[in-house]
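For reference, the chains in residue letters:
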Number of protein chains: 2
Amino acid sequence: MKEIIIKSSSHTYPIYIGESIRFQLNEVLKEDYSSILVVTDDHLEKLYLNSFLQSLNHNKVHHATIPAGESSKSIEQFYQLHSAAIEYGLDRSSLLIAFGGGVVGDLAGFVAATYMRGIDYIQVPTTILAHDSSVGGKVAINHENGKNLIGSFYPPKMVVYDIEMLDTLPLKEIRSGYAELIKEALLSDESFYDELLNTNLQFLRNEHLIEHLEKGITTKATIVEEDERELGNRKYLNLGHTFGHALEAELGYGNLTHGESVAIGLLFALTISEKEFDMDMKVKRFYQWLKMNDYPFPVEQLNINKLFSRMKVDKKTVSQSIQMVLLKDIGVPVMVELGNEKINEYLFLFLEQLRQRENWE
Amino acid sequence: MKEIIIKSSSHTYPIYIGESIRFQLNEVLKEDYSSILVVTDDHLEKLYLNSFLQSLNHNKVHHATIPAGESSKSIEQFYQLHSAAIEYGLDRSSLLIAFGGGVVGDLAGFVAATYMRGIDYIQVPTTILAHDSSVGGKVAINHENGKNLIGSFYPPKMVVYDIEMLDTLPLKEIRSGYAELIKEALLSDESFYDELLNTNLQFLRNEHLIEHLEKGITTKATIVEEDERELGNRKYLNLGHTFGHALEAELGYGNLTHGESVAIGLLFALTISEKEFDMDMKVKRFYQWLKMNDYPFPVEQLNINKLFSRMKVDKKTVSQSIQMVLLKDIGVPVMVELGNEKINEYLFLFLEQLRQRENWE
Ligand SMILES: NC(=O)c1ccc[n+]([C@@H]2O[C@H](COP(=O)([O-])OP(=O)(O)OC[C@H]3O[C@@H](n4cnc5c(N)ncnc54)[C@H](O)[C@@H]3O)[C@@H](O)[C@H]2O)c1
Ligand SMILES: NC(=O)c1ccc[n+]([C@@H]2O[C@H](COP(=O)([O-])OP(=O)(O)OC[C@H]3O[C@@H](n4cnc5c(N)ncnc54)[C@H](O)[C@@H]3O)[C@@H](O)[C@H]2O)c1
Ligand SMILES: [Zn+2]
Ligand SMILES: [Zn+2]
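This text gives an overview of the structure that appears in the document. (Residues numbered from 1 in each chain as written. Chains lettered and ligands numbered in written order. Predicted model: local features only at pLDDT ≥ 70, side-chain atom pairs only at ≥ 80, totals over all residues. Heavy atoms only, no water.)

1. Here's the deal with the coordination of the zinc ion (ligand 4)
Residues and elements named next belong to chain B. Protein-derived coordination of the zinc ion (ligand 4) comes from E180 (OE), H241 (NE2) and H258 (NE2), at a distance range of 1.9 to 2.1 Å. One chain supplies every donor for the zinc ion (ligand 4), spaced along it as E-x60-H-x16-H. Placement of H241 in helix α9 (residues 241-251) and of H258 in helix α10 (residues 258-277) is noted, with a sequence separation of 17 residues between them. Assigned by exposure class, H241 and H258 land together as buried. (Donors = N, O, S within 2.8 Å, 3.2 Å for Na, K, Ca; no water. Helix = DSSP H or I, 4+ residues; strand = E, 2+ residues; numbered from the N terminus. Buried < 20%, exposed > 50% of the residue type's maximum accessible area, 1.4 Å probe, protein only.)

Okay, here's the thing in structure tokens:
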């Protein structure tokens with residue numbers, strides 16, 4: 001079992017990574033909680049909930065299940081979880097456990113942040129992408145007019161990352177999580193990037209998975225510890241996300257996963273970075289890795305004008321230009337403000353390249 | 001103009017108290033906010049909104065109005081204010097101003113705490129009771145099954161307390177606010193208590209009002225600075241509230257104001273304190289002060305069994321007993337656990353006394 005210690009502005013907490021370790025959570029529960037509420041989604045309920053509940057050696061364990069999927073990060077589910085917490089008699093010394101992917105983590109974390117003005121919670125991430133969402137303390141729900149607009153900074157007391165549960169993760173979700181790992185590699189060091197580009201997601205071995213998660217989490221943790229509230233360097237974690245979010249919104253949620261969109265966004269950011277800074281970012285190898293692992297490229301459905309205006313409404317933009325994270329080199333991110341015309345030109349070239357694939361294949 | 005500095009765990013902020021000072025807010029706005037959203041209720045909108053908006057010398061000032069009254073502290077109004085903030089294009093460097101009583105302060109403060117994971121806000125309290133709600137950083141909305149169950153600790157950046165606006169406050173609301181001032185006097189020192197007992201609320205003079213608010217705020221601030229998250233001494237601020245909340249809930253919101261219920265709760269707590277600790281708490285003088293100022297005593301509508309079970313469901317209780325804040329002496333609060341039988345006995349005696357008034361009048 002690996003242990004990573006994260007410092008937040010309010011407290012320090014451990015992330016444990018290992019196989020089957022969810023059953024050991026009971027042993028590391030330090031506080032004497034008056035009751036426990038486990039929140040999960042309906043996929044995970046079927047797969048893992050019962051045995052997990054039984055492993056919690058406490059006489060007041062309750063559970064609440066939300067429908068799987070992004071649409072559960074809603075004000076209605078938020079309120080319903082509060083109702084459940086009240087109904088089960090949770091008080092200020094109760095514990096909430098978020099048992100699931102990023103959706104459960106973000107929603108249940110926000111409920112914990114606001115139930116009686118904040119109770120303890122623990123993240124038990126069950127997706128690869130949730131290595132990202134369970135570190136850094138951002139919790140939120142969506143507003144009908146925008147993602148993650150209602151939320152808090154509220155770090156968990158502990159993260160118990162049991163990679164055994166990742167065995168049942170659909171390949172699409174593995175791809176989604178690995179895109180964020182690639183992002184973290186690009187923000188940290190070239191050897192990690194190389195290592196990932198040598199990984200075939202269909203034949204992932206547990207010892208490699210653990211190592212990748214550990215490196216990804218350490219990268220994210222280092223950035224977040226320096227800038228919890230995203231006033232400076234934390235913005236670099238948006239690498240690949242300006243285009244990624246535009247794509248995700250444009251093609252509709254549920255079509256491409258978050259990470260699949262970010263993967264294409266990373267390819268875009270790398271392509272621009274190479275041109276702006278005249279450096280080799282191994283774009284071709286990255287593209288081939290994406291193809292080998294069956295990342296979708298829905299090029300036929302993409303429209304420059306629509307993508308462009310989506311990028312403009314992204315909250316990180318200002319008037320006549322768009323701010324983007326680029327790389328001066330692997331491990332060296334910078335914020336760059338690109339004029340509208342330039343962005344349009346890059347978009348045009350990028351989509352052409354995706355259609356023709358001549359430079360990369 | 002008076003200035004009180006409050007230390008919270010995240011930052012230090014000033015409370016300004018004075019006449020007509022709302023029009024000076026513009027001068028003390030330090031940050032360069034991208035836009036401003038003023039939240040108020042429909043009573044205050046009619047009375048004070050326009051001139052206040054005009055005094056804000058900023059080219060992006062928006063406003064949103066909620067219906068006056070406790071029922072606006074709801075999940076629906078919470079979501080609607082988020083919608084308004086999005087619609088007006090507020091971003092992370094925008095400012096929210098809560099312009100109103102405790103209802104506006106609690107609701108708008110919670111919106112500020114959660115909009116894009118937290119933006120700055122300023123309290124401009126317009127009721128006497130809001131001297132209490134605008135200090136200490138507690139913000140919240142109600143759940144249909146309980147008051148203030150959904151919320152955060154999120155202190156404002158500044159409080160601008162313009163007592164000029166208190167001129168239009170209905171007497172009922174003045175009584176409500178003064179009950180909390182009496183509570184703060186009881187928690188701090190006898191001379192403040194004496195001073196209040198010599199105050200006729202019908203003929204309140206501004207210099208006295210300012211002085212009382214300043215003392216009340218200082219008392220609250222001192223307690224809250226030591227124990228922001230209510231793990232210890234902050235609980236003392238519940239003096240009078242165990243019975244007060246039971247009364248408020250029993251007679252239905254809108255019948256008695258919060259402070260009017262707390263006033264009777266304080267009388268109950270003092271009566272018990274005198275018996276338990278054999279000290280003189282000037283209960284008779286306090287009762288006469290309440291009568292002089294027309295505090296309501298709806299004794300005929302009170303039922304011991306119902307009040308008792310309301311007190312039991314209050315979140316501060318445990319099984320066979322009820323925890324209450326009592327006074328060993330004026331300025332010396334203690335938490336006491338009273339057995340169910342004893343509480344019932346005290347309740348019986350107290351209601352009898354209220355009905356007969358013989359000991360007090
Ligand atoms: N808070 C943050 O810092 C942060 C960072 C990144 C992403 N996020 C959020 O995370 C969310 C996406 O997270 P996600 O990708 O984990 O989505 P998710 O939670 O919806 O999980 C994806 C799907 O996989 C299923 N699943 C989860 N674990 C499984 C398992 N072990 N076996 C089989 N199926 C399993 C789920 O039921 C769901 O259908 C988004 O809402 C995003 O905004 C938050
Ligand atoms: N956050 C805290 O620490 C804290 C502490 C105490 C109370 N509270 C909360 O405060 C709320 C009660 O606050 P309140 O008593 O100020 O209620 P309120 O905000 O509802 O105001 C009372 C009434 O007075 C009107 N009003 C306000 N200012 C006026 C003015 N200057 N002139 C004329 N009318 C005016 C309002 O429109 C309303 O009808 C409750 O919800 C309570 O839970 C919070
Ligand atoms: Zn992401
Ligand atoms: Zn009160």
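2. Some remarks on the pairing of strand β5 (residues 95-100) of chain A
Residue and element names in this part refer to chain A. Of all six residues in β5, six are buried, a share of seventy percent or more. Alignment of strand β3 (residues 36-41) against β5, held across four bridges, turns out to be parallel. For V39, the partnering residue across the bridge sits in β5 and is A98. The pairing of β5 with strand β6 (residues 120-125) spans six bridges and is parallel. Looking at the pairing, L96 lines up with Y121 of β6. (Pairing = 2+ DSSP bridges.)

3. Quick word on the interface of chain A and chain B
Listed per partner, the contact involves 29 residues of chain A and 29 residues of chain B. Buried surface at the junction of chain A and chain B, summed over both partners, amounts to about 2,700 Å²; 58% is from carbon and sulfur atoms. It is A:Y79, A:R92 and A:R117 that lose the most area in chain A upon contact with chain B, and together they represent 30% of the buried surface on that side. For the pair chain A and chain B, the number of links is 10 residue pairs in polar contact (both at pLDDT 80 or more). For the side of chain A that touches chain B, the elements supplying multiple residues, two or more each, are α3 (75-87), α4 (102-114), β7 (138-143) and β8 (146-153) of chain A. (Contact = heavy atoms within 4.5 Å. Buried area = accessible area lost by both parts, 1.4 Å probe. Polar contact = N/O pair within 3.5 Å; in protein donor to acceptor, adjacent residues only side chain to side chain.)

4. Concerning the coordination of the zinc ion (ligand 3)
Residue and element names in this part refer to chain A. Listed as protein donors to the zinc ion (ligand 3) are E180 (OE), H241 (NE2) and H258 (NE2); their distances from the metal cover 1.9 to 2.1 Å. If you list the donors of the zinc ion (ligand 3) from N- to C-terminus, the spacing comes out as E-x60-H-x16-H. Taken together, the positions of E180 in helix α6 (residues 171-188) and H258 in helix α10 (residues 258-277) put the pair 78 residues apart, joining distant regions of the chain. Residue H258 is classed as buried on the basis of its relative accessible area, which comes to 18%.

5. Considerations on the sheet that holds β5(A)
Residues and elements named next belong to chain A. Here seven strands make up an open sheet; going across it, the order is β1-β2-β9-β6-β5-β3-β4 and the pairing mixed. This sheet does not close on itself; its edge strands, each paired only once, are β1 (2-7) and β4 (61-66). Averaged over all pairs of adjacent strands, the angle between strand axes in this sheet comes to 20°, irrespective of strand direction. Judged from the four bridges that link them, strand β2 (residues 12-18) and strand β9 (residues 158-162) form a sheet pairing that is parallel. Bridge pairing in β9 places G18 opposite D162. Relative to the sheet, α4 contacts β3, β4, β5 and β6, its axis offset from that of β5 by approximately 165°. (Axes fitted to C-alpha atoms, helices over the stretch in contact; angles between N-to-C directions.)

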